[in-house]
Amino acid sequence: CMGALGFRLLRDAGLIHGLPSVPIHTMQIIGFGRRMHIALPPGAAVSRADLDSHLAQAAIDAGVVFLCGCRAIVGAENRMARHVELLPDDGDSAHATAKVVVVADGLGRSSTSHIPEFARRVSHGSRVGGSCWLQEYPRELRPGVVHMVVGRAGYIGLVVVPGDKLNVAAAL
């Protein structure tokens with residue numbers, strides 16, 4: 001789900017047009033014997049794959065060189081930029097320098113694991129998250145509503161995304 005702020009930032013940057021999404025307007029929370037509905041400011045349900053490919057294409061359209069299938073090792077920082085070693089799957093390594101480096105390599109953090117300020121910090125009692133997509137789901141789960149079930153052990157969230165699929169995410 002993309003909250004109101006994220007939606008507004010992408011809209012203001014001209015990056016919403018053409019992004020497959022389902023408008024979100026309500027959150028339903030069920031837990032501890034109670035149920036409540038909360039009106040939400042305008043947001044959107046988008047699939048991560050759609051968002052990633054949409055943003056990558058927007059970057060390419062703006063003149064960015066996008067390397068898919070490439071590992072990166074974030075290197076030394078000086079006052080003006082950060083150095084990055086690029087390791088394509090099918091070629092020789094290259095080096096780049098940038099004022100801003102976006103690291104999106106997930107929990108493994110292979111590109112920054114050697115940098116002390118990016119050291120992993122796991123809090124006692126941290127939850128483990130996971131998600132999946134379902135093509136078939138109960139039709140009571142309506143588009144536009146984020147359905148949350150909460151309990152002492154964690155939560156599970158359900159939302160209809162483009163393509164009439166149900167995204168299920170949990171932290172347990």
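Located above this text is the structure these notes cover.
Residues numbered from 1 in each chain as written. Predicted model: local features only at pLDDT ≥ 70, side-chain atom pairs only at ≥ 80, totals over all residues. Heavy atoms only, no water.

Visitor: How should the sheet that holds strand S7 (residues 145-151) be read in this particular structure?
Guide: Sheets are built from strands paired through backbone hydrogen bonds, the pairs being either parallel or antiparallel. Strand order in this open sheet of six strands is S2-S1-S7-S8-S9-S6, and the pairing throughout is mixed. Each of the sheet's edge strands pairs with one partner strand only, and the pair in question is strand S2 (34-45) and strand S6 (129-134). Across this sheet, the average inter-strand angle for adjacent strands is 20 degrees, counted without regard to direction. Strand direction decides the pairing type here: strand S1 (residues 22-31) and S7, joined by five bridges, are parallel. Bridging from a neighbouring strand, Gln28 pairs with His147 of S7. (Pairing = 2+ DSSP bridges. Helix = DSSP H or I, 4+ residues; strand = E, 2+ residues; numbered from the N terminus. Axes fitted to C-alpha atoms, helices over the stretch in contact; angles between N-to-C directions.)

Visitor: Would you explain the side chain of His147 in this entry?
Guide: Among the structural elements, His147 can be located in strand S7. Contacts of His147, omitting those with residues within four sequence positions, involve Gln28, Glu140, Leu141, Arg142, Ile156, Gly157 and Leu158. (Contact = heavy atoms within 4.5 Å.)

Visitor: Sorry, what's going on with the layout of surface pockets here?
Guide: Unfilled space is identified by rolling a water-sized probe across the atoms. Taken as a whole, the largest pocket encloses approximately 1200 Å³ of empty space. Elements supplying a minimum of two residues to the lining of the largest pocket: helix H2 (48-61), strand S3 (70-77), strand S4 (82-88) and strand S5 (94-98). Ranked by the residues each element gives to the lining of the largest pocket, the list is headed by H2, at five residues. Its residues assigned to classes, the lining of the largest pocket shows 20 nonpolar, four polar and four charged. Here the second largest pocket is characterised by a volume of approximately 500 Å³. Lining the second largest pocket are 20 residues, with Cys1, Val46, Arg48, Asn167 and Ala169 positioned closest to its centre. Contributing elements (two or more residues each) for the lining of the second largest pocket: H2, S6, S7, strand S8 (154-161) and strand S9 (165-171). With five residues, the single largest contributor to the lining of the second largest pocket is S8. Classifying every residue of the lining of the second largest pocket gives 14 nonpolar, five polar and one charged. (1 Å grid on protein atoms, 1.4 Å probe; cavity = no way out; pocket = protein on both sides within 12 Å on 5 of 7 lines; lining within 4 Å. Points joined across faces, edges and corners; volume = space filled by probe spheres on them. Nonpolar A, V, L, I, M, F, W, Y, C, P; charged D, E, K, R; others polar.)

Just geometry here; none of it tells us what the structure is for.
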